[in-house]
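Structural overview
Now for the letters of each chain:
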Amino acid sequence: MPCINPEGKPTETGKKVLQALRDNGLCSAEKVAETTGVALFRVRSGLRDMIEAELVEMVEDKYNITEKGIKLIE
Amino acid sequence: MEEYQTKPVSLPRLGEKAPDFDALTTHGKLKLDDFKGSWLVLFSHPADFTPVCTTEFIAFAEIYPNLQKRGVELLGLSVDSLSSHIAWARNVEEKTGVKIPFPIIADLSKEVSLAYGMVHPGQSKTETVRCVFIIDDKQIIRTILYYPLSTGRNMQEILRIVDALQTTDANGVATPANWNPGDKVIVPAPNTQEGAEERVKQPGYECVDWYLCKKQL
């Protein structure tokens, strides 16, 4: 996974994505890519993985960090 | 080999939607949809840790910033495992100092290779040949190149094709043989007699005849 390592912890890219969501609130994948400088395809793939890991949730077509996600980057 | 020769194989064609995939890569699981909105150069190579492919990967890594400037992402593929791809990319960096910045699909099941017609049994029954698919931001296949196992690809040609396609899209023109950015482009030929008569008198156009006119963008 590009954003979560096999131990279930966010990678450096994962942390960037989670921090962007924490700092900006509800965000589109495009906004996350713009804020973090991570390529859009990697953001989309990472967000998918982080939804599966319950670190991120989807609200309509945007993304939000979960409590579990916030705890992981504290 | 017989099995391949007798089975009808459906190959993607220009102007068609690129086949979807959901693939394991060196940058995690990626879907074709993840690239929506960007252009994509999807290319296959025969095998990791082989000489021609290594020179190509270094060359692809070198043009990657130029592709990104044009809104193009790169995605490699071979039927090797993920571990092999990771080990090879690390080896290339260690031995040559060139980091491989783009993802590589580990297509052990050949699901993606077969969907894109990348296995040519006359060349190799087990490896993918050197294919290049240039896919636009709407995920339509715009160019397909096939190179044999023994011939490394020309990166400048890949950049040139991207430039030509993007210039064509932006300006409604075509590009002549050996065109490079900055050269004159071809104006579409008129399709009426009146249009032909007007065309040869049009100022600013360099015309050989009504059907072959160029202009500077």
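Residues numbered from 1 in each chain as written. Chains lettered and ligands numbered in written order. Predicted model: local features only at pLDDT ≥ 70, side-chain atom pairs only at ≥ 80, totals over all residues. Heavy atoms only, no water.

**Side note on helix α2 (residues 51-69) of chain B**
Residues and elements named next belong to chain B. An ideal rise of 1.5 Å per residue puts 27 Å on 19 residues; α2 measures up with 28 Å between its terminal C-alpha atoms. Bending of α2 peaks at approximately 40° at the position of isoleucine 63, with proline proline 65 no more than four residues after it. Restricting attention to buried positions, one finds in α2 the residues Cys53, Glu56, Phe57, Ile58, Ala59, Phe60, Ala61, Ile63, Tyr64 and Leu67. Downstream of α2 by a residue or two, glycine 71 has a phi angle that is positive, lying close to 75°. (Helix = DSSP H or I, 4+ residues; strand = E, 2+ residues; numbered from the N terminus. Expected span 1.5 Å × (residues − 1). Bend = angle between axes of the 7 residues up to and from the residue. Buried < 20%, exposed > 50% of the residue type's maximum accessible area, 1.4 Å probe, protein only.)

**Some thoughts on the state of the cysteines**
Residue and element names in this part refer to chain B. A complete count under the given rule lists one disulfide over all chains for this structure. There is a disulfide in this structure between cysteine 207 and cysteine 213, and the S-S distance comes to 2.0 Å. Judged by the sign of its S-S torsion, about 110°, the cystine formed by cysteine 207 and cysteine 213 is right-handed. Judged by relative accessible area, which is 0%, cysteine 213 ranks as buried. (Disulfide = S-S within 2.5 Å.)

**Focus on the interface of chain A and chain B**
With nine residues of chain A at the contact, the number on the chain B side is 12 residues. Carbon and sulfur atoms make up 53% of the surface buried where chain A meets chain B, a total of about 840 Å² over both sides. On the chain A side of the interface with chain B, the three residues burying the most area are Phe41(A), Arg44(A) and Arg48(A), jointly 66% of the side's total. The interface formed by chain A and chain B contains one salt bridge. (Contact = heavy atoms within 4.5 Å. Buried area = accessible area lost by both parts, 1.4 Å probe. Salt bridge = Lys/Arg side-chain N within 4 Å of Asp/Glu carboxyl O.)

**Concerning the sheet that holds strand β9 (residues 206-209) of chain B**
All names here are of chain B. Strand order across the open sheet formed by three strands is β8-β10-β9, with antiparallel pairing between neighbours. Two strands bound the open sheet, and with one partner strand each, they are β8 (185-187) and β9. Taking each pair of neighbouring strands and ignoring which way they run, the sheet shows an average axis angle of 30°. Pairing analysis gives three bridges linking β8 to strand β10 (residues 212-215), with the strands arranged antiparallel. Its bridge partner being in β10, valine 185 is matched across the sheet by lysine 215. (Pairing = 2+ DSSP bridges. Axes fitted to C-alpha atoms, helices over the stretch in contact; angles between N-to-C directions.)

**Some words on the packing of aromatic side chains**
All names here are of chain B. For the structure on display, the rule yields 12 aromatic pairs over all chains. Between tyrosine 64 and phenylalanine 102, the aromatic rings sit 6.1 Å apart at their centres with planes inclined by 65°, giving edge-to-face as the arrangement. Of this pair, tyrosine 64 sits in helix α2 while phenylalanine 102 sits in the loop between α3 (82-96) and β5 (104-106), placing them 38 residues apart in sequence. Residue tyrosine 64 shares its accessibility class with phenylalanine 102, and that shared class is buried. (Phe/Tyr/Trp six-rings, centres within 6.5 Å; stacked < 30°, edge-to-face > 60°.)

**Here's the deal with the domain arrangement of chain B**
As assigned here, chain B comprises domain 1 (2-153) and domain 2 (172-215). On a C-alpha basis, the centroid separation for the pair domain 1 of chain B and domain 2 of chain B is 36 Å. (Domains from an automatic or database assignment.)

**A word on the environment of Gln202(B)**
The topology assignment puts Gln202(B) in the loop between α6 (193-201) and β9. Taking the C-alpha atoms as reference points, Gln202(B) and Pro121(B), separated by 81 residues in sequence, lie 52 Å from one another.

**Section: the pairing of β9(B)**
Residue and element names in this part refer to chain B. As defined by bridge partners, β9 adjoins β10 across three bridges and the pair is classed as antiparallel. Opposite glutamate 206, over in β10, you have lysine 214 as the bridge partner. Between the antiparallel neighbours β9 and β10 lie two residues.

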